[in-house]
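# A structural walkthrough
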Amino acid sequence: MKNELQNEETFYESIIRKGYSRRSFLKFATYMAAFMGLENSMVGQLVKTMETKKRIPVIWEHFQECTGCSESFIKSDHPLVADVILDTISLDYTDTLMAAAGHQSEAAKQASMKANYGKYILIVEGAIPTKNDGVYCTIAGRTALEIIKESAEGAAAIITFGSCSSWGGVQAAYPNPTGSVPVDAIIKDKPIIKVPGCPPISEVMTGVVLYYAMFGRIPDLDDEGRPKQFYGKRVHDSCYRRPYFDAGLYAESFDSEEAKKGYCLYKLGCRGPVTYNACGTVGWNGGLGFPIKSGHPCIGCSENKFWDNGPFYKRLENIPGMGIEATADEIGKIVLGAAAGGAAVHAIAANIFKKKEIDENREMGKINEQNLNE
Amino acid sequence: MKTMTYNYKRVYVWEFAVRFFHWLTVLSLIVLIVTGFIIANPPSLNLNVEAAKSYWFGYVRLIHFTFAYILIANLLFRIYWAFAGNQFANWRNFIPYTKKHWQNIFYVLKVDIFLQKDKEHKVENISIGHNALAAFSYLIMTLFFLLQVATGLALKADTSDWWFPKMFHWVIPLFGGDIATRYVHHILTWLFMAFVVIHVYLVLYHDYIEARGEASAMISGFKFVRAERIKQNIRSFVNKVKKQMKDGNIKGNIENDPE
Ligand code: SF4
């Protein structure tokens, strides 16, 4: 009953009911606009939407995951952010954070899905195993495969939090023993917003949820289904060590003088140049830092198959998916060597097999040489 | 005494445009491979300077991108020339769509690759321009070139303001991300190097065995072709040339009437 009542409230009403002042509400709106990558002029519209828009129900499913995404999510910097997400958007089901447990929680989910059919947002954390009918992940006696199909049915949109639900993640890494797949391999008929990362930045997660909650539509997505405002840039293109990169100043080991000076980590395997994320701009822990700022190269955690593209401290060396330790350059050298060796063998063979022709040419040429006009 | 070798005639095979294309490709390939490997694994020179004072790695990338565009323009020009150029430059050489192509491919495989005896000794079997197997290998290399160009431009797309590289952005999701796209780009580089080795070797092989100017043809444009292969009755052609000279279209004179 309580749920239904709260669903009738607008965002604004619920914030005020919690005892926040209008001033902090406005501050919050400005803050969120920045998170969502909106222009300053959009703040007014955001305020208006929050004052008039009804709260949106959210169902959050957890499958093959480490719960690190939830962990990141609740660490949002601004107190209101956590509030908004955990209370205001009416998170009707998330087995990690909800008060109810066991049958109670499953019942609450069923009730909410029924009452809000076609309206709720489905958040998915974790990949879905498909091998042996998906027995490798079961919740309340049902497989993840069954559950995702059921909860996606009535969802208005799906947001996949983390690399597991977006790409497959660690359980889908070679050799993928449980046949894990990301959400978009199973659900084809719903808009899916991918928020990859291991975990994603909390402000990015809230930003995406709020964007949908506020505007009722999904943000601009790139070709791979990620919101452009957060995943439009490579870490490398917003990295503060970029001048060192262009100057050719690299750290080659963690204990070197160069590392101390803050040189570029490219040669320590930095995946910044191939990774799309907002680490360089939004930052982690309230903008305090991000891996590169702490002296650690980017491991590309928001990229597809990043587990298979190891080792982390080398520059994209091993051929992914081969299951053996073979670097691209080693194979290249073999190919090149085979070509050169083949040519050498062929050259010797040609001298043997074509001897007649070669000799004939030479003899005839010699005779001509003897018969030149003076 | 009669000359003892066959009689050979000079045939203009590779037009200037083709030779220009060839050597510009050589140049850009060398530059792209060298800069490409530097980009993949730069040496830590770590010159004792402030980052603001140095930009050498940025310049290496700039050179790589510049020559990439030169290569692309060159490639487009060559595709145009496949329609505008002479019979040896024509696109029909490169696609083995007739029985004749395949016969020649098998001939070359037999005689030049597996070094079997050429029992028939038919002069028609000796190609004047590309042999069908070589031409087919260039078609395949062109496709790899296009793939290399597409992956390169796709990686460039996000940091470019120009619509041209942006056009290739779809390649990235096709391979499943920047990492995979970069792999393809990197591995293809090795393939091109292997191709260069084989290509240069086979040119030298033909020059050595056939001794008719295979290698120098890419400098002068001429190859030597057995006299029997040139139409003997060229009276009408000679008259045409003489008339052109009289009209002042061609300079020179024909002293030794070829007949
Ligand atoms: S540290 Fe990584 S992301 Fe930053 S400039 Fe170097 S390579 Fe790029």
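Residues numbered from 1 in each chain as written. Chains lettered and ligands numbered in written order. Predicted model: local features only at pLDDT ≥ 70, side-chain atom pairs only at ≥ 80, totals over all residues. Heavy atoms only, no water.

### Brief notes about the overall build of chain B
- When its secondary structure is counted, chain B shows nine helices and two strands.
- Moving toward the C terminus, one meets the helices and strands of chain B in the order β-α-α-α-α-α-α-α-α-β-α.
- Taken over C-alpha atoms, the radius of gyration comes to 24 Å for chain B, far larger than the 18 Å a tight globule of 259 residues would show.
- Projected onto its principal axes, the C-alpha positions of chain B cover 75 × 50 × 35 Å.
- Each of the 259 residues in chain B was classed as buried or not, and the buried ones make up 42%.
- Look at the contacts in chain B between residues 6 or more apart in sequence, and 67% of them connect residues 24 or more apart. (Helix = DSSP H or I, 4+ residues; strand = E, 2+ residues; numbered from the N terminus. Rg over C-alpha atoms; globule rule 2.2 N^0.38 Å. Buried < 20%, exposed > 50% of the residue type's maximum accessible area, 1.4 Å probe, protein only. Contact = heavy atoms within 4.5 Å.)

### Concerning the domain arrangement of chain A
All names here are of chain A.
- For chain A, the assigned domains read domain 1 (2–231), domain 2 (235–316) and domain 3 (333–374).
- Each of domain 1 and domain 2 has a C-alpha centre, and these two points are 29 Å apart.
- Each partner contributes residues to the interface: domain 1 has 19 residues there, and domain 2 has 15 residues.
- Between domain 1 and domain 2 lies a buried interface of about 1400 Å² when both sides are counted; carbon and sulfur atoms form 64% of it.
- For domain 1, the biggest contributors to the area lost against domain 2 are Trp167, Ile201 and Tyr231; these three give 36% of the whole.
- There are five residue pairs in polar contact (both at pLDDT 80 or more) connecting domain 1 and domain 2.
- Broken down by secondary-structure element, the contributors of at least two residues to the side of domain 1 that touches domain 2 are helix H9 (162–167), helix H10 (202–215) and helix H11 (228–231).
- Its residues assigned to classes, the side of domain 1 that touches domain 2 shows twelve nonpolar, four polar and three charged. (Domains from an automatic or database assignment. Buried area = accessible area lost by both parts, 1.4 Å probe. Polar contact = N/O pair within 3.5 Å; in protein donor to acceptor, adjacent residues only side chain to side chain. Nonpolar A, V, L, I, M, F, W, Y, C, P; charged D, E, K, R; others polar.)

### Details of the pattern of salt bridges
- Counted according to the given criterion, the structure contains 18 salt bridges over all chains.
- The salt bridge involving Arg226(A) is made with Glu224(A); its shortest N-O contact spans 3.2 Å. Summarising the burial analysis for this pair, Arg226(A) and Glu224(A) share the class buried.
- Put simply, Glu303(A) and Arg226(A) hold a salt bridge, and the shortest N to O gap is 3.4 Å. Taken together, the positions of Glu303(A) in the loop between helix H13 (257–261) and helix H14 (328–353) and Arg226(A) in the loop between H10 and H11 put the pair 77 residues apart, joining distant regions of the chain. Comparing Glu303(A) with Arg226(A) shows no difference in burial state: the two are buried.
- Through salt bridges with shared partners, a single ionic network connects Arg234(A), Asp237(A), Arg242(A), Asp246(A) and Asp178(B). (Salt bridge = Lys/Arg side-chain N within 4 Å of Asp/Glu carboxyl O.)

### Points about a positive patch on the surface
- Among the surface-exposed residues, Lys356(A), Lys110(B), Lys117(B) and Lys119(B) lie close enough to one another that they form a single positively charged patch.
- Mapped onto the secondary structure, Lys117(B) falls in the loop between helix H3 (99–113) and helix H4 (132–157). (Patch = residues over 30% accessible without salt bridge, like charges linked within 9 Å, V, L, I, M, F, W, Y side chains within 5 Å. Areas by Shrake-Rupley, 256 points an atom, 1.4 Å probe, with all protein chains shown as cover. Lys, Arg positive; Asp, Glu negative; His and termini not counted. Charge placed at Lys NZ, Arg CZ, Asp CG, Glu CD.)

### A closer look at the interface of chain B and chain A
- The interface of chain B with chain A comprises 55 residues on the first partner and 55 residues on the second.
- Of the roughly 4700 Å² buried where chain B meets chain A, counting both sides, 60% is carbon and sulfur surface.
- The largest share of the area that chain B buries against chain A comes from Ile179(B), Tyr183(B) and Trp190(B), three residues that together contribute 16% of it.
- Where chain B meets chain A, there are one salt bridge.
- For Arg234(A), the salt bridge goes to Asp178(B), with nearest N and O atoms at 3.0 Å.
- At the surface where chain B touches chain A, the tally comes to 19 residue pairs in polar contact (both at pLDDT 80 or more).
- When residues of the side of chain B that touches chain A are traced back to their parent elements, those giving at least two are helix H1 (16–40), helix H2 (56–84), H3, H4, helix H6 (171–175) and helix H7 (178–210) of chain B.

### Considering the pairing of strand S3 (residues 120–125) of chain A
Residue and element names in this part refer to chain A.
- S3 sits mainly inside the fold: six of its six residues count as buried.
- Of the two faces of S3, the one holding Tyr120, Leu122 and Val124 and the one holding Ile121, Ile123 and Glu125 are both buried throughout.
- As judged from the five bridges shared by strand S1 (residues 58–62) and S3, these two strands associate in the parallel manner. Within the sheet, the bridge partner assigned to Ile59 lies in S3 and is Leu122.
- In terms of strand pairing, S3 meets strand S7 (residues 155–161) through six bridges, oriented parallel. Looking at S7, one finds that Leu122 is bridged to Ile158. (Pairing = 2+ DSSP bridges.)

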